[in-house]
Amino acid sequence: MAIAFIFCLFLARFFYIQVIWEDDLHYLALDQWTREIPVVAGRGKIFDRNGELLAGNSAAYSVYARANAVTDAAGGANLLSAALGVSYDEVYRKLTDKSRSEITVVRHTEKSVAERIEGANVNGVYYARDDKRIYPFGELACQTIGFTAFDLSGTTGVEQYYNSYLAGTNGEILFESDLVGVDIAGATAAYLPAENGLNVRLTLDYRIQAAAEEAMAKVYRETNAKRAECIVLDPNDFSVLAMVNLPSYDLNDIPRDDMQRLNDESRNRIVSDIYEPGSTFKIITAAANIEETLKGNASALALNHVYPSSRTRTVDGTTIRCWSDHSNGKHSNQTLAEALNNSCNPCFVDIALSLGKETFYSYLSAFRFGAATGVDFSGEAIGMLLPEASVQNCDLARIGFGQTIAVTPLQLAAACASAVNGGYYYTPHVVDEIFSDDGSVREKSQKSLVARTVSEKASEVLASMLEGVVRDGSGKKAYIEGYRVAGKTGTAQKYENGLIAQGKYVSSFIGFFPANAPRYLALVVVDEPQGSYYGSTVAAPCAKEIFEKIIAIQDLKPFAEGV
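Analysis parameters
Residues numbered from 1 in each chain as written. Predicted model: local features only at pLDDT ≥ 70, side-chain atom pairs only at ≥ 80, totals over all residues. Heavy atoms only, no water. Buried < 20%, exposed > 50% of the residue type's maximum accessible area, 1.4 Å probe, protein only. Helix = DSSP H or I, 4+ residues; strand = E, 2+ residues; numbered from the N terminus. Pairing = 2+ DSSP bridges. Contact = heavy atoms within 4.5 Å. Axes fitted to C-alpha atoms, helices over the stretch in contact; angles between N-to-C directions. Parallel < 35°, antiparallel > 145°, perpendicular 65-115°, else oblique. Left-handed = near helix turned anticlockwise from the far one by under 90°. Nonpolar A, V, L, I, M, F, W, Y, C, P; charged D, E, K, R; others polar. Arc of directions from axis to C-beta. Phe/Tyr/Trp six-rings, centres within 6.5 Å; stacked < 30°, edge-to-face > 60°. Lys, Arg positive; Asp, Glu negative; His and termini not counted. Salt bridge = Lys/Arg side-chain N within 4 Å of Asp/Glu carboxyl O. Polar contact = N/O pair within 3.5 Å; in protein donor to acceptor, adjacent residues only side chain to side chain.

(A) Region of the structure containing the pairing of strand β21 (residues 520-527). With 8 of 8 residues buried, β21 lies mostly within the body of the structure. On β21, burial covers both faces: Tyr520, Ala522, Val524 and Val526 on one face and Leu521, Leu523, Val525 and Asp527 on the other are all buried. In this structure, strand β11 (residues 227-234) lies alongside β21, joined through 7 bridges in antiparallel fashion. What sits directly across from glutamate 229, in β21, is valine 525. In the sheet, strand β20 (residues 499-513) pairs with β21 via 8 bridges, with the strands oriented antiparallel. Note that in β21 the partner of valine 506 across the bridge is aspartate 527. With antiparallel pairing between neighbouring strands as the criterion, β20 and β21 make up a hairpin whose turn holds 6 residues.

(B) Representation of the environment of aspartate 432 in the model. Mapped onto the elements, aspartate 432 comes out in strand β16 (residues 431-435). Along the primary structure aspartate 432 and lysine 444 are separated by 12 residues, whereas in three dimensions their C-alpha atoms are 6.2 Å apart. Dropping the residues within four chain positions of it, aspartate 432 is found in contact with Arg201, Leu202, Thr203, Lys444 and Ser445.

(C) Geometry of the sheet that holds strand β10 (residues 199-202). Ordered by their spatial adjacency, 6 strands build an open sheet running β7-β3-β2-β10-β16-β17, and the pairing between neighbours is mixed. Both edges of this open sheet fall to β7 (132-134) and β17 (441-444), since each of them pairs with a single strand only.

(D) Here's a closer look at the environment of glycine 468. Note that glycine 468 resides in helix α18 (residues 456-472). In this structure, the C-alpha to C-alpha distance between glycine 468 and alanine 337, residues 131 residues apart in sequence, is 7.6 Å. Aside from chain neighbours lying at most four places away, what touches glycine 468 is Asn341 and Gly473.

(E) Molecular detail of the pairing of strand β12 (residues 239-246). Buried residues dominate β12, accounting for 8 of its 8 residues. The antiparallel pairing of β11 with β12 creates a hairpin that spans 4 residues between the two strands, and phenylalanine 238 there sits at a positive phi of about 65°.

(F) Highlighting the packing of helix α3 (residues 73-84) against helix α5 (residues 111-120). The contact between α3 and α5 brings their axes to 10 Å, and the two run at 165°. Considered as vectors, α3 and α5 are oriented roughly antiparallel to each other. Considering how the two elements wind past one another, α3 and α5 form a crossing that is right-handed. Contacts between α3 and α5 pair Leu79, Leu80, Ala82, Ala83 and Leu84 from the former with Val113, Arg116, Ile117 and Ala120 from the latter. A breakdown of the residues in the contact of α3 with α5 according to their chemical character gives 8 nonpolar, no polar and 1 charged.

(G) Broad picture of unusual backbone geometry. In this structure, proline 247 follows leucine 246 across a cis peptide bond, with omega equal to 5°. Tracing the backbone through its elements, the reader meets proline 247 in the loop between β12 and α10 (259-265). In this structure, the amide linkage connecting phenylalanine 513 to the following residue, proline 514, adopts the cis form with an omega of -15°. For proline 514, the location among the structural elements is in the loop between β20 and β21. Although it is not a glycine, leucine 152 sits at a positive phi angle of roughly 70°. Along the chain, the position of leucine 152 falls in the loop between α6 (142-145) and α7 (157-161). The buried category is assigned to leucine 152, whose relative accessible area is 9%.

(H) Quick peek at α5. Every buried residue of α5 is listed here: Val113, Ala114 and Ile117. Buried residues along α5 cover an arc of 100° about the axis, so they all sit on one side. Relative to its buried face, α5 has exposed residues pointing more than 90 degrees away, namely Ser112, Glu118 and Gly119. Packed against the buried residues of α5 are β4 (61-65), α3, β5 (103-109) and β6 (125-129). Asparagine 121, located one to two residues past α5, shows a positive phi value of around 55°.

(I) Broad picture of the packing of aromatic side chains. Taken as a whole, this structure holds 14 aromatic pairs when the rule is applied. Ring geometry for phenylalanine 147 versus tyrosine 249: centroids 6.4 Å apart, planes at 85°, classification edge-to-face. With phenylalanine 147 in the loop between α6 and α7 and tyrosine 249 in the loop between β12 and α10, this pair connects stretches of sequence that are 102 residues apart. The buried category is assigned to phenylalanine 147, whose relative accessible area is 4%. Its relative accessible area of 1% is what places tyrosine 249 among the buried residues. Clustering of aromatic rings is evident, with ring pairs tying together Phe238, Tyr424, Tyr425 and Tyr426.

(J) Geometry of helix α14 (residues 345-355). Within α14, 10 of the 11 residues are buried, which leaves the element mostly enclosed by the surrounding structure. Every buried residue of α14 is listed here: Asn345, Pro346, Cys347, Phe348, Val349, Asp350, Ile351, Ala352, Ser354 and Leu355. In this fold, the buried residues of α14 make contact with α12 (282-295), β13 (312-315), β14 (318-321), α13 (336-342), α15 (357-366) and α16 (393-399).

(K) How the structure looks around the sheet that holds β4. Here we have 3 strands laid out as an open sheet, ordered β5-β4-β6, and antiparallel in their pairing. For this open sheet the edge positions go to β5 and β6, each flanked by a neighbour on one side alone. Taking the axes of each pair of neighbouring strands and ignoring which way they run, one obtains an average angle of 20° across the sheet. Two strands pair when backbone bridges link them, and β4 and β6 are joined in this way by 5 bridges, in the antiparallel orientation.

(L) Highlighting the side chain of aspartate 48. Its place among the elements puts aspartate 48 in the loop between β2 (46-47) and β3 (53-58). No salt bridge is formed by the buried aspartate 48; its nearest oppositely charged neighbour, arginine 207, is found at 5.9 Å. Within polar-contact distance, the side chain of aspartate 48 engages the side chain of asparagine 50 at 2.9 Å. There is a polar contact of 2.9 Å between the side chain of aspartate 48 and the backbone nitrogen of tyrosine 206. Excluding its chain neighbours within four sequence positions, the residues that come into contact with aspartate 48 are Leu54, Arg201, Leu202, Leu204, Asp205 and Tyr206.

(M) Summary view of the pattern of salt bridges. With the rule as written, the count across this model stands at 24 salt bridges. The partner of arginine 201 in a salt bridge is glutamate 433, and the shortest N-O contact between them spans 2.9 Å. Of the two residues, arginine 201 is situated in strand β10 and glutamate 433 in strand β16; the sequence distance between them amounts to 232 residues. In this pair, the class of arginine 201 matches that of glutamate 433, namely buried. A network of salt bridges, in which partner residues are shared, links Arg227, Asp264, Arg267, Arg269, Asp273, Lys494, Asp527 and Glu528.

Spelled out as C-alpha cells, the structure:
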C-alpha cells in the first residue's frame, strides 16, 4: 500500500512537470539559451477629425549591452562614448555590470549612430529600433492629446486613455546563445514580428482648436489671469471640437524635471477641476422653470410673471443681493427674459424656491450635475452637489443662481448644450474612430443619448431668451451681426477657507450659434483676471472672437443669406 502511494506521488509529480509546468519550463529554457533583440511595435498615430497628424513617430534607436558577452569592455567603452556622446566611465560601468543579463546603454539615438556601432562589431553590444514620439503642433491641445513615457506607453490624455489601442504588440528576434549570453556560431535566428498599434481619429478640429487657443492666450495675457479655459462642443452629438487649458507646454519639450509644473500644466481642467459657475448656471434654472410652466405646474412661475423690483431676497435669515444696486431703473419689475438679460440673482432665487427642492433636484439629476458625463477621458470629476436630503431653502436659493454648487466646465457645457439643442443629453466624446494603417475602421463612436432634459418647446423658448441676452443684455459683446449668437455671462466670487476671497473672481460666458439651430457651443472661463473681471467684459468678447474665427474657418454665411 505504501509503495503504491509513493508511486502515485511520483506519477502526479511527473504529470505536473510534463503537462502543467510545461509552458513555464519551456519559456525558462528558451530564455536561458537565447538572446532576444526587441522589435518595437510602431505606436498608433493620433489625428484630428480632418486627418491632420497630431501625434506621430520619428525613427530612433536604442543601444543595449550584455556584459557577459562583452569581450573588450575598454575598447567598446571608447567607441560607444565617442559615438554616443556619453562619458567613458558611464559606458564602461554598464559594459562590465554583470549583475544584469542586459542593460540599456542609451535610448533614442540617431540611425547613423546605431549603424556606426553595428559596423564596429563590438561583441555583446547591439541596437534595436525604439521610436520617439513627435507632436507636429507642439502645444496644441497638449492636455487633451497627452504624452508618453520613455517606453512610449501613454501617460496622460488620449495617449493614456487609449493606450491599449495605440501601443501595439512588440516582437523580437531570438538568437541562440550559450549560458553567458554569447552567440553560438552558425545558429539561426527566429523572428517574431511586431504588430503596430491602431490609429486614433479625434473629434477635435485642429483649426478650431488653434483659433480657440489664440483667443484664450490673448485674454490670458491681457488680463494677467491665473488660468484660462475653453471648450467648444457640437450640441448635436456632444463631440468635442476644442479644449483649451492655459498655461500649457510643448509636447516635444515636456518639463519632466519640474514635476510640480508638469502636473499643473498637463492637467485637463476642463474635465478634472470644479468651480462655482455663477450666473451661467441660470440657464439651467431657467430651463427647469420654462419646462415646468409648459407642463402646467402651478408652482412654476409663468413666462410672463413679473418679478418684484427689490434687489434683495431674505431666505432663512440670509440676505441675497443682486450684483446691481437697481438704481438705474433697468432692474425694476421684470420678466424671466429680462431677468436673464440683467442677470438678476433675486429672480432666480424666486424660481428655485417656487419649483421646490424635489422638482429642482430632478432637473439637476437629468442634467447630470453631481455625476460623471461619461466622457472618454481619465480623471473626470463629478462636481459637488449637496445631497438633496440635507439641502435647506437658503442652499436651494443659491443653487438657483450658481452658488453652493460646483461643476466641471465639461459638465456645464454639456448641460447647457442639452438645454438649447431640443433637450437631448448625449455622452461627450473626444475620439471619433479607431482605425488600422490600411484604413479599416475597428471602432466608431456613436451618438449616445443619455437622457431627455427638457422638451423641444422649452428648449426653443430658452434659446430665444438667450439670444436676447446677447442682442440686448449683458452678453452684447458677443454679438455678431447676422449669426444669431445666444448665451449667458457669469461673474462668480471665489471662496478660500469658506470665506469670500476679496478681489478674486471667475469670469465666464457660455454661448452658441445659430440660436434657432445650434451648431457650435463654447464655454469660456477666465480665472482671477486682473482689472475688469465681469464676464460681460472679459469672457464674452473672447467667445465672440472664437465664433468669428469658426465662421471664417467654416465659411459660414449669415442667416439672412438663407444659411
